[in-house]
Amino acid sequence: MSSSQPDKLRPTRRSELIAFLVLAFGVWPFIAVGVVGGFGFLVWMSQIVLGPPGPPAGLH
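Explain the overall build of the protein here, please?
A tally of regular secondary structure across the protein gives one helix and zero strands. Per-residue burial for the protein yields a buried fraction of 0% across its 60 residues. On the protein, roughly 5,900 Å² of surface is accessible, and the fraction owed to carbon and sulfur atoms is 73%.

And the structure:
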């Protein structure tokens, strides 16, 4: 008995290339924009609640 996968289940070079292209140019850009946008939103909301960064207003 062979321990390798049957030929029908083995991914082909073409299917791996298509999967890579979908991930590289379809999925990951949206994830990257979402992470950066989410971080920007978090910083923005924290500045609304806590005030802008820097020394307190009465110390100059």
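It is not clear to me how helix 1 (residues 13–50) should be interpreted in this structure. Could you clarify?
Side chains of residues three or four places apart in an α-helix project in the same direction, reflecting 3.6 residues per turn. In this model, helix 1 (38 residues) spans 53 Å end to end at C-alpha, consistent with the 56 Å of a helix rising 1.5 Å per residue. Within helix 1, the axis deviates most sharply at Trp-28, by approximately 40°, and proline Pro-29 lies no more than four positions further along. Residue Gly-51 follows helix 1 closely and has a positive phi angle near 95°.

Mind showing me how you'd approach the environment of Ser-46 here?
With respect to the helices and strands, Ser-46 occurs in helix 1. The partly exposed category is assigned to Ser-46, whose relative accessible area is 31%. At a separation of 2.8 Å, a polar atom in the side chain of Ser-46 contacts the main-chain carbonyl oxygen of Val-43.

Even after reading the chapter, I still don't get a nonpolar patch on the surface, so can you show me in this structure?
On the surface, Ile-18, Val-22, Leu-23, Val-27, Trp-28, Ile-31 and Val-35 cluster together to form a nonpolar patch covering roughly 620 Å² of accessible area. Structurally, Val-35 is set in helix 1.

Conventions we followed
Residues numbered from 1 in each chain as written. Predicted model: local features only at pLDDT ≥ 70, side-chain atom pairs only at ≥ 80, totals over all residues. Heavy atoms only, no water. Helix = DSSP H or I, 4+ residues; strand = E, 2+ residues; numbered from the N terminus. Buried < 20%, exposed > 50% of the residue type's maximum accessible area, 1.4 Å probe, protein only. Areas by Shrake-Rupley, 256 points an atom, 1.4 Å probe, with all protein chains shown as cover. Expected span 1.5 Å × (residues − 1). Bend = angle between axes of the 7 residues up to and from the residue. Polar contact = N/O pair within 3.5 Å; in protein donor to acceptor, adjacent residues only side chain to side chain. Patch = residues over 30% accessible without salt bridge, like charges linked within 9 Å, V, L, I, M, F, W, Y side chains within 5 Å. Salt bridge = Lys/Arg side-chain N within 4 Å of Asp/Glu carboxyl O.

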